[in-house]
Amino acid sequence: MAKHFKDSPEQRGRAVRQAPVHRQATARTSRRDAYGTYGSQGAYAPNDFDYSHFSAQPKRKRRGKTVAIVIACVLVALLAVGGTCGFMLYNSVKNVKAQAQSAVTLAKGAVSKVKDGDFTSVASDLRQLDAMCDNIKDETDGLLWTLASCAPVYGGDVKSARVLVSALCDVSDSALVPLADSLSSATPGKLFADGVINVSVLQAVADSLADAAPVITGANESVQGIGNMKLAQLQDYVDKAKSAFSTLSSAVDAADEVAPLLPGIFGADGQTRNYLVVAENNVEIRANGGYGGAQGIISVTDGVMTINDFQPKISMGIENALPVTDEEEALFNYATGEMGDDSGDALFTPDFPRAASLISQMWEITYGDHVDGVVALDPVFLQYLLCVVGGTTLPDGSTMDGTNAAKVLMHDVYWNYDDTDIQDAMFSAAASAAFDKVLGGLGGADLKTLLSAVTKGFDEGRFIAWMENADEEALVKKMGIDASLPDASDTSAAPVAGVYVNNIRGSKMDWFLDKSVSLGTAAKNADGSTSYPVSVTLSSALDPAEEDSLPWYVTGVPKGQPDWNVERLAVLLYAPAGGSITGLQTSGDLAPAIGPQELTHNGLQVFNSVINLKAAQSITFSYTVTVPAAAGDQPLTVRSTPTCQDAR
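Residues numbered from 1 in each chain as written. Predicted model: local features only at pLDDT ≥ 70, side-chain atom pairs only at ≥ 80, totals over all residues. Heavy atoms only, no water.

Undergrad: Even after reading the chapter, I still don't get the sheet that holds strand β19 (residues 594–601), so can you show me in this structure?
TA: Within a sheet, neighbouring strands are paired by backbone hydrogen bonds and run either parallel or antiparallel to one another. Here five strands make up an open sheet; going across it, the order is β19-β20-β17-β13-β22 and the pairing mixed. The open sheet terminates on both sides in strands that have one partner only, identified here as β19 and β22 (637–640). If you compare each strand with its neighbour and ignore which way they point, the axes differ by 20° on average. Summarising the sheet, strand β17 (residues 567–574) and strand β20 (residues 604–613) pair through eight bridges and their orientation is antiparallel. Across the sheet, Leu573 pairs through a bridge with Phe607, a residue of β20. (Pairing = 2+ DSSP bridges. Helix = DSSP H or I, 4+ residues; strand = E, 2+ residues; numbered from the N terminus. Axes fitted to C-alpha atoms, helices over the stretch in contact; angles between N-to-C directions.)

Shown next as structure tokens:
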């Protein structure tokens, strides 16, 4: 005991510092007890320095228990906060879903209006949609969604949803609303008035499309980059969104290619464009529709259109006939020099760019006007348009409208007048009057009805065009109204076969012609090619009892001469690029008078036959069209000469 008290304080401190760590701690916390205690009377009494009296275990247990309680409390608090946040996130998701459903409904309505040509209220609808998108984005940009995007497993789905919302907002704010504002001015009443096209409106639409295209392209790239979702329901939404964005991007890209060319086509910046309009006559059928019995120039300067008088066909004379190729000579020159001599017979070829080039050259040589483009349309298409804009009165006092235009132009003119000069004059006057009415009446037309009529004419091949400018011709091709033959070297393109008919007698008997083309089920071949059964039937709807009442200028040959009552037709069957026609057979009331002969045209296989069709007779051509393997699974389509049977 004495030894402890002999040590100096410094020595005692040194001894404590050199002791083991747990003993140091005990000594520090219990120093007073190590050297003595105060008794009940307050006297101080030293004790032996015995470390066994100072065990730290009871204090460690109490502290561990305290830590556990604190951790438990924190966990409970976190769970409570997490539960609250989860509940709030659940409500937020419900809110976003409800707004999204409303937005989808509004968007579908806007799309329907655009398809119908109702641009007047689309801008208002898209502004509402834009406001909904902003609300959804504000919601998904909040803290709850940010935290949720960091969660394991489903955090990626939340991030993808936010990407989708952000893309939609970008498109809505920067593309759809400005574009809709421009389209609201693209109504017939604002685009057309008294034969004038509002070029500034077209320019505004073109500018809006140019601004919208990169925004929509970027948004589409963001959406297409979204990966697979963990939640199947979200995956379904994302798949639909990808499809919708892809469609929108493609549509805007296509429109952006078209719109910038439109102002120039309609004579913007003071330029004058001359378009030769050819009125085809389906009762004297040609591969592209009908004989071009009348044509005239429509000039456009800064949107102001001037319609010049329509002129009858142009005859160059054999000595001045334009040169044709050996293939064209073999296929289309049924008499000497017709295709290069006669503007109406230039339409014998189913390759309209070639026909248009010949016709424009003939016009420039004859009348001196430079031709920037050629448009060919038939009386059935004019009837579709007159259904929209109303009727017109002809020089003889008769009325032509949306119910009878085809009959007036392709029947009554020939039944009511026996002088061919009067017939040609009436046809030209009727065509000119129809154009005057159409161009003057477009401003008051219902856009939905107008678009329906135009689309129907396009689909049936009753309105076709060629432009001298290469960029504008590319636009015509994109619109599907170029009526050109397939490029024989492009075997990977969508395959197109052809069925064309030419009247080679000069009669008007094709008023009675019925034509049907049937395409059977495709069969895949071992080499990757695909074969289709094809059936083409040509028949005469003429009642034999009416035959004797036909005027000679309808039959083309006076009664009593051989075959005076025959409808003489050349039938041309074209294979697609890189494809073939095999197994050609005929059946019915008659056999071909000539052929079938196998020829070529611009690298395409062609079978040419001549038939003499009489009243109530029919003939069927049956054959197989094989599409090359390079075309893949693209389905075969058949382009065919339009007839007047539906308007009869």
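That shown, we press on.
Undergrad: Would you explain the nonpolar core in this entry?
TA: By size, the foremost hydrophobic cluster in this structure holds 64 residues, and its most contacted members are Leu377, Met400 and Met410. With nine residues, helix α18 (residues 420–441) is the single largest residue contributor to this core. Excluding its chain neighbours within four sequence positions, the residues that come into contact with Met400 are Leu386, Gly391, Thr392, Leu394, Ala405, Val408, Leu409, Ala430 and Ala434. Ranked by size, the runner-up nonpolar core spans 33 residues in total, among them Leu276, Leu347, Val371 and Leu485. (Core = buried A, V, L, I, M, F, W, Y, C linked by side-chain atoms within 4.5 Å. Buried < 20%, exposed > 50% of the residue type's maximum accessible area, 1.4 Å probe, protein only. Contact = heavy atoms within 4.5 Å.)

Undergrad: Even after reading the chapter, I still don't get the environment of Ser428, so can you show me in this structure?
TA: Along the chain, the position of Ser428 falls in helix α18. Considered as a pair, Ser428 and Gly293 are 135 residues apart in the sequence and their alpha carbons are 7.8 Å apart. Every residue in contact with Ser428, bar those within four places of it in the chain, is listed here: Ala294, Phe310, Gln311 and Pro312.

Undergrad: Looking at this structure, how should I read the side chain of His411?
TA: Looking at the secondary structure, you find His411 in helix α17 (residues 405–416). Residue class for His411 comes out buried when judged on its relative accessible area of 16%.

Undergrad: What's the story with the packing of helix α16 (residues 379–389) against helix α19 (residues 447–459) in this structure? I'm lost.
TA: A pair of packed helices is captured by two measures, namely the crossing angle of their axes and the spacing between those axes. The interhelical angle for the contact between α16 and α19, taken along N-to-C directions, is 175°, at an axis separation of 9 Å. Put simply, α16 runs roughly antiparallel to α19. Touching Phe381, Tyr384, Leu385 and Val388 of α16 are Thr449, Leu450, Ala453, Val454, Lys456 and Gly457, all from α19. (Parallel < 35°, antiparallel > 145°, perpendicular 65-115°, else oblique.)

Undergrad: Would you mind showing me how to read the pattern of salt bridges here?
TA: Pairs can form between side chains of opposite charge whenever their charged atoms are close. Tallying each qualifying case throughout the model produces 15 salt bridges. A salt bridge links Asp378 to Arg462; its shortest N-O distance comes to 2.8 Å. Of this pair, Asp378 sits in the loop between β9 (373–377) and α16 while Arg462 is found in the loop between α19 and β12 (463–467), placing the two residues 84 residues apart along the sequence. Arg462 shares its class with Asp378; the two are buried. A salt bridge links Asp514 to Arg648; its shortest N-O distance comes to 2.6 Å. Here Asp514 is found in strand β14 (residues 513–519), whereas its partner Arg648 is found in the segment after β22, with 134 residues between them in sequence. Accessibility expressed as a relative area gives 22% for Asp514, which makes it partly exposed. In this structure Arg648 comes out as partly exposed when scored by relative accessible area, which is 37%. (Salt bridge = Lys/Arg side-chain N within 4 Å of Asp/Glu carboxyl O.)

Undergrad: What is the right way to look at the side chain of Asn502 in this model?
TA: Relative to the elements of secondary structure, Asn502 occurs in strand β13 (residues 496–503). The class of Asn502 is buried, set by a relative accessible area of 0%. Reaching out from Asn502, the side chain makes a polar contact with the backbone nitrogen of Ala287 at a distance of 2.7 Å. A distance of 3.1 Å separates a polar atom in the side chain of Asn502 from the backbone oxygen of Phe348. Excluding residues that lie within four positions of it along the chain, Asn502 makes contacts with Ile285, Arg286, Ala287, Phe332, Tyr334, Leu347, Phe348, Arg568, Leu569, Ala570 and Leu572. (Polar contact = N/O pair within 3.5 Å; in protein donor to acceptor, adjacent residues only side chain to side chain.)

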